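# Architecture and fold: a report
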Amino acid sequence: MTHALLVIDVQNDFCPGGALAVPGGDEVVDPINAMMQDFDAVILTQDWHPAGHSSFASSHAGKSPYDMTEMPYGPQVLWPDHCVQGTNGAAFHSGLRIDGDLIIRKGFRSAIDSYSAFFENDQTTPTGLEGYLKTRGIRKLTLVGLATDFCVHFSAVDAARLGFDVTVRMDACRAIDLDESLASAELAMRAAGVTLI
Ligand code: VGL
Ligand code: ZN
């Protein structure tokens, strides 16, 4: 079975010193690089927001980072400005091997956030990754990267729902962990049939 490694958002802004730093975010780089050779395909995602994106607290008067807001598609956490297209913060960590097969960008529409590599946060607008994987005959996915409780979580649950055989290597992920979001992400992934290692 063709097995792909899906590397989620290993970008400067999610690493220590970045705008939305995930504790220990840079610790995933070496293990991910070492895993790449074990897969038939390596696909990387890149959070890629226009300036003034609607997921940024700075775009909402009176809101602070990590506040919640109501979007037309449901509740949304508001983030510090991060991964703005073309900035150093949006670039991959300089130690990450980026000689994979595909880089898929997400979150590039101003009005909608996209945690998942498969669907934007309205859960209906596709990124096209499903078609790419299926037309290449890829049925098995291992996910690694940042952040466990947001982009890895939503990508894993969507992938399982789309019928992929999904494993998350937790040792090569790190979490933001807002209000127990890591524990609820683990529950949701297991409930969706994702294998956590
Ligand atoms: C992410 C929050 C906002 C992630 C992206 O990669 O998990 N989290 N944008
Ligand atoms: Zn983002």
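As a starting point, this report considers the structure included with it. For clarity, every value in this text was computed on a predicted model and none was experimentally measured.

Calculation notes
- Residues numbered from 1 in each chain as written.
- Chains lettered and ligands numbered in written order.
- Predicted model: local features only at pLDDT ≥ 70, side-chain atom pairs only at ≥ 80, totals over all residues.
- Heavy atoms only, no water.
- Salt bridge = Lys/Arg side-chain N within 4 Å of Asp/Glu carboxyl O.
- Donors = N, O, S within 2.8 Å, 3.2 Å for Na, K, Ca; no water.
- Tetrahedral: all angles 85-135°; square planar, octahedral: opposite > 155°, others 65-115°.
- Buried < 20%, exposed > 50% of the residue type's maximum accessible area, 1.4 Å probe, protein only.
- Helix = DSSP H or I, 4+ residues; strand = E, 2+ residues; numbered from the N terminus.
- Contact = heavy atoms within 4.5 Å.
- Axes fitted to C-alpha atoms, helices over the stretch in contact; angles between N-to-C directions.
- Parallel < 35°, antiparallel > 145°, perpendicular 65-115°, else oblique.
- Nonpolar A, V, L, I, M, F, W, Y, C, P; charged D, E, K, R; others polar.

## Let's talk about the pattern of salt bridges
Taken as a whole and assessed by the stated rule, the structure comprises nine salt bridges. Shared partners join several salt bridges into a network, and the residues in it are Asp 9, Asp 47 and Lys 106.

## Observations regarding the coordination of the zinc ion (ligand 2)
Within the protein, the zinc ion (ligand 2) binds to Asp 47 (OD), His 49 (NE2) and His 82 (NE2); these donor distances fall in the range 2.0 to 2.2 Å. Classification of the site at the zinc ion (ligand 2) as irregular follows from its four donor atoms and the range of 88 to 169 degrees in their angles at the metal. When the donor residues of the zinc ion (ligand 2) are listed from N- to C-terminus, their spacing reads D-x1-H-x32-H. Across the pair, exposure class does not vary: Asp 47 and His 49 are buried alike.

## Quick notes on the environment of Phe 164
Along the chain, Phe 164 turns up in the loop between α3 (148–161) and β7 (165–174). Sequence separation between Phe 164 and Gly 193 is 29 residues; the distance between their C-alpha atoms is 10.0 Å. Setting aside residues up to four positions removed in sequence, Phe 164 forms contacts with Phe 118, Glu 130, Leu 133, Lys 134, Ile 138, Arg 139, Leu 141 and Ala 159.

## Points about the packing of α3 against helix α4 (residues 181–191)
For any two helices packed against each other, one specifies the inter-axial angle together with the distance between the axes. Direction vectors running N to C along α3 and α4 enclose 10 degrees, while the axes themselves pass 10 Å from each other. By the angle between their axes, α3 is roughly parallel relative to α4. Counted together, Thr 148, Asp 149, Phe 150, His 153, Ala 156 and Val 157 of α3 and Ser 181, Leu 182, Ala 185, Ala 188 and Met 189 of α4 form the full contact between these two elements. Taken together, the residues of the contact of α3 with α4 break down into seven nonpolar, three polar and one charged.

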